[in-house]
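Structural characterization, general
So you can see what is in the structure, the chains are spelled out below.
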Protein chains: 2
Amino acid sequence: MISKRREFIKTTSLAGLMTISLPKIVNAAIPSSPAVKLTDGNVILFQGDSITDAGRKKDDNNFNNPTSLGSGYVVQAAGDLLLAFADKGLKIYNKGISGNKVYQLEERWDADCLQIKPDVLSILIGVNDYWHKHNGNYNGTVEIYQKDLRALLDRTKAALPNVKLIIMEPYALKGLKAVDDTWYPEFDAYRLAAKQIANDYHAHFIPLQAVFNEALKVAPKEYWSADGVHPTLAGAKLIAHAWTKVVKG
Amino acid sequence: MISKRREFIKTTSLAGLMTISLPKIVNAAIPSSPAVKLTDGNVILFQGDSITDAGRKKDDNNFNNPTSLGSGYVVQAAGDLLLAFADKGLKIYNKGISGNKVYQLEERWDADCLQIKPDVLSILIGVNDYWHKHNGNYNGTVEIYQKDLRALLDRTKAALPNVKLIIMEPYALKGLKAVDDTWYPEFDAYRLAAKQIANDYHAHFIPLQAVFNEALKVAPKEYWSADGVHPTLAGAKLIAHAWTKVVKG
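Reading guide: rules and limits
- Residues numbered from 1 in each chain as written.
- Chains lettered and ligands numbered in written order.
- Predicted model: local features only at pLDDT ≥ 70, side-chain atom pairs only at ≥ 80, totals over all residues.
- Heavy atoms only, no water.
- Salt bridge = Lys/Arg side-chain N within 4 Å of Asp/Glu carboxyl O.
- Helix = DSSP H or I, 4+ residues; strand = E, 2+ residues; numbered from the N terminus.
- Buried < 20%, exposed > 50% of the residue type's maximum accessible area, 1.4 Å probe, protein only.
- Phe/Tyr/Trp six-rings, centres within 6.5 Å; stacked < 30°, edge-to-face > 60°.
- Lys NZ or Arg CZ within 6 Å of the ring centre and 35° of its normal.
- Pairing = 2+ DSSP bridges.
- Axes fitted to C-alpha atoms, helices over the stretch in contact; angles between N-to-C directions.

Quick look at the pattern of salt bridges
- Inspection of the entire model under this criterion finds 30 salt bridges over all chains.
- As a salt-bridge pair, Lys237 of chain A and Asp80 of chain A come within 2.7 Å of each other at their nearest N and O atoms. Linking Lys237 of chain A in helix H13 (residues 233-244) with Asp80 of chain A in helix H5 (residues 73-84), this pair joins segments that are 157 residues apart in sequence. Per residue, the accessibility class of Lys237 of chain A equals that of Asp80 of chain A, and both read buried.
- Salt bridges sharing partners connect three or more residues here, namely Asp80 and Lys237 of chain A together with Asp80 and Lys237 of chain B.

Structure representation (structure tokens):
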């Protein structure tokens, strides 16, 4: 049993898996080697808005449970992680909530992040900070987005000094229902802000816009997203795939 | 665009991906090379019982839609397929229904299989044919299981002579809630029947019992299944992973 486990660990590599499967999409966008090491019993928390939420069941605090993880990129990434690192006893949570902007993560951060004590915290937030402003339903600016996100990360690092941070880039696919030319260049500032903050906080940054831009060379935009914001199943798996590339066992 | 697509196609290989990721679990059980070739616009249909159903939304006829695909192995396999073969425009359906035995597939086969005209048809059926008998709720025998499944496949091949068949082995994990020693050796006859029928009908057989037996060397049974019949998310991804090993682009 022990030697079997060792063999399994030695030959299991999500990075290797990812390199072979989709080099033209994801490697073009993410050339680096995996950087986040997962260890026994690690708690992984996914946070964000509707892209993360993806219709998850919210009346429980379950981990590794498919309905609690939603039907989006989190359950796709979780499936890969739980299989590839089956020996590690990972606990994977999804606490994304549809419609959220950064300040709304802040309001529920104690219960939905700090009390969960993640070892790895992944955040995908920002499209609503822009979109809701664009629609006239929110007064925020990119400066507020930055200030709020920095404050959230300061608070997180104070409570969880050893947490490994993964920040995913807000992205949009122009020319689908919700996203037209009027989004640009203003929306790009949110993408750049997320990247700058990831850098400043030593977080691992996942450049989802570049990942989707590469994917558009293989299949049309409708294949990856219905409305330009929310991914299809193919788009969700694409996000999951990019995410799993940054972790290793 | 064209050359990018060619590069993508050339370098995309689910088989390669699978070989690297989990050799100790799945390769031990499935040493063969991928045999089912997927081509442009292929329709893939997953059929079966609750393991396939996995809480899917049933009031639509959607393909590639995560909630219509359920929260089990089908949505995990579909995510992998839609990403790895993004250039092929695959259409993936799940028509599994919880509790089904073979004769119940037969009753809904026109609407839930033949009218969908799958190019690839995957069937996982049999655990209820035994389990419901064991519980005293069904009079079937393994002979009836075989007879019903052969009749279903005869009917399928008559209507869809070019369909590529994938038959998954019914499996059980002994020592969990629903499965105890009283299942054996009777249940094994259902597994063997599925294998024999796969062979007789030139279907690709996926030996899920062997796959789970290998997985048990890496993590305890509770990690892969809650009750011995229904997989956890890790177990669902394990099934998906074994399934995707038999297809190629």
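Some words on the packing of aromatic side chains
- Counted by the stated rule, this structure contains 26 aromatic pairs over all chains.
- When the ring of Phe46 of chain A is compared with that of Tyr73 of chain A, the centres are 5.9 Å apart and the planes differ by 80 degrees; the resulting orientation is edge-to-face. With Phe46 of chain A in strand E2 (residues 43-48) and Tyr73 of chain A in helix H5, this residue pair connects regions lying 27 residues apart in the sequence. Of the two residues examined, Phe46 of chain A and Tyr73 of chain A, each falls in the buried class.
- Each ring, one from Tyr103 of chain A and one from Tyr138 of chain A, has its centre 5.8 Å from the other, and the planes form 20 degrees; the classification is stacked. Placement of the pair is Tyr103 of chain A in helix H6 (residues 102-107) and Tyr138 of chain A in the loop between helix H8 (127-134) and helix H9 (142-159), with a sequence separation of 35 residues.
- A relative accessible area of 17% means that Tyr138 of chain A is categorised as buried.
- Counting every residue linked through ring pairs, the aromatic cluster contains Tyr130, Trp131, Tyr145, Trp183, Tyr184, Phe187 and Tyr190 of chain A.
- Across the ring face of Tyr138 of chain A, the terminal group of Lys101 of chain A is positioned such that the distance to the ring centre comes to 5.0 Å.
- Positioned over the ring face of Tyr184 of chain B is Lys174 of chain B, at 5.0 Å from the centre of the ring.

Remarks on the sheet that holds strand E5 (residues 164-168) of chain B
Residue and element names in this part refer to chain B.
- Strand order in the open sheet formed by five strands is E3-E2-E4-E5-E6, with parallel pairing between adjacent strands. Of all the strands in the sheet, just strand E3 (91-94) and strand E6 (204-206) have a single pairing partner and so form its edges. Each strand of the sheet is rotated relative to its neighbour by a mean of 15 degrees, with strand direction disregarded.
- Note that strand E4 (residues 120-124) and E5 share five bridges and pair parallel. Bridge pairing in E5 places Ser122 opposite Ile166.

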